[in-house]
Amino acid sequence: MIQEVTMYQAVCDGCGRPCAGISGIVAWETPESARIVAWESGWMSVNHRLYCPDCVEYDEETDSYKPKKKE
């Protein structure tokens with residue numbers, strides 16, 4: 001039998017890339033599982049948005065992380 005299921009993946013709010021995690025898996029059973037894998041892979045949550053390491057930078061003035069400005 002083939003059955004449709006709902007899965008979740010973490011997607012960067014900056015570039016739209018999905019998080020593959022260390023194992024290469026891109027879909028999870030719960031939103032929280034996808035979020036945890038993203039954080040373990042170096043992704044950051046900034047202002048309730050999720051960013052991959054390529055789309056976030058440290059701001060020394062505010063001592064916090066912020067999305068990189070698009071060029």
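Here, every reference points to the structure presented above.
All figures in this text were calculated on a predicted structure; none of them were measured in a lab.

1. Focus: the overall build of the protein chain
Within the protein chain, the secondary structure is distributed over one helix and four strands. Ordered by position from the N terminus, the helices and strands of the protein chain form the series α-β-β-β-β. The C-alpha atoms of the protein chain give 14 Å as radius of gyration, which overshoots the globular expectation for 71 residues (11 Å, by more than 25%). Dimensions along the principal axes, computed over C-alpha positions, put the protein chain at roughly 55 × 25 × 20 Å. Looking at the protein chain as a whole, 20% of its 71 residues qualify as buried. Considering only residue pairs separated by 6 or more positions, the protein chain has 30% of its internal contacts joining residues 24 or more positions apart. Accessible area of the protein chain: about 5600 Å², with a carbon and sulfur share of 50%. Side-chain charges of the protein chain comprise 7 positive and 12 negative groups, with the mean position of each set lying 6 Å from the other.

2. Observations regarding the state of the cysteines
On inspection of all chains with the given rule, the structure shows zero disulfides. Looking at C19, it has no disulfide partner, and the nearest cysteine sulfur is the one in C52, 9.1 Å off. On the basis of relative accessible area, C19 is assigned to the buried category, the value being 3%. C55 takes part in no disulfide bond, and the closest cysteine sulfur to it belongs to C52, at a distance of 3.7 Å.

Scoring rules and cut-offs
Residues numbered from 1 in each chain as written. Predicted model: local features only at pLDDT ≥ 70, side-chain atom pairs only at ≥ 80, totals over all residues. Heavy atoms only, no water. Helix = DSSP H or I, 4+ residues; strand = E, 2+ residues; numbered from the N terminus. Rg over C-alpha atoms; globule rule 2.2 N^0.38 Å. Buried < 20%, exposed > 50% of the residue type's maximum accessible area, 1.4 Å probe, protein only. Contact = heavy atoms within 4.5 Å. Areas by Shrake-Rupley, 256 points an atom, 1.4 Å probe, with all protein chains shown as cover. Lys, Arg positive; Asp, Glu negative; His and termini not counted. Charge placed at Lys NZ, Arg CZ, Asp CG, Glu CD. Disulfide = S-S within 2.5 Å.

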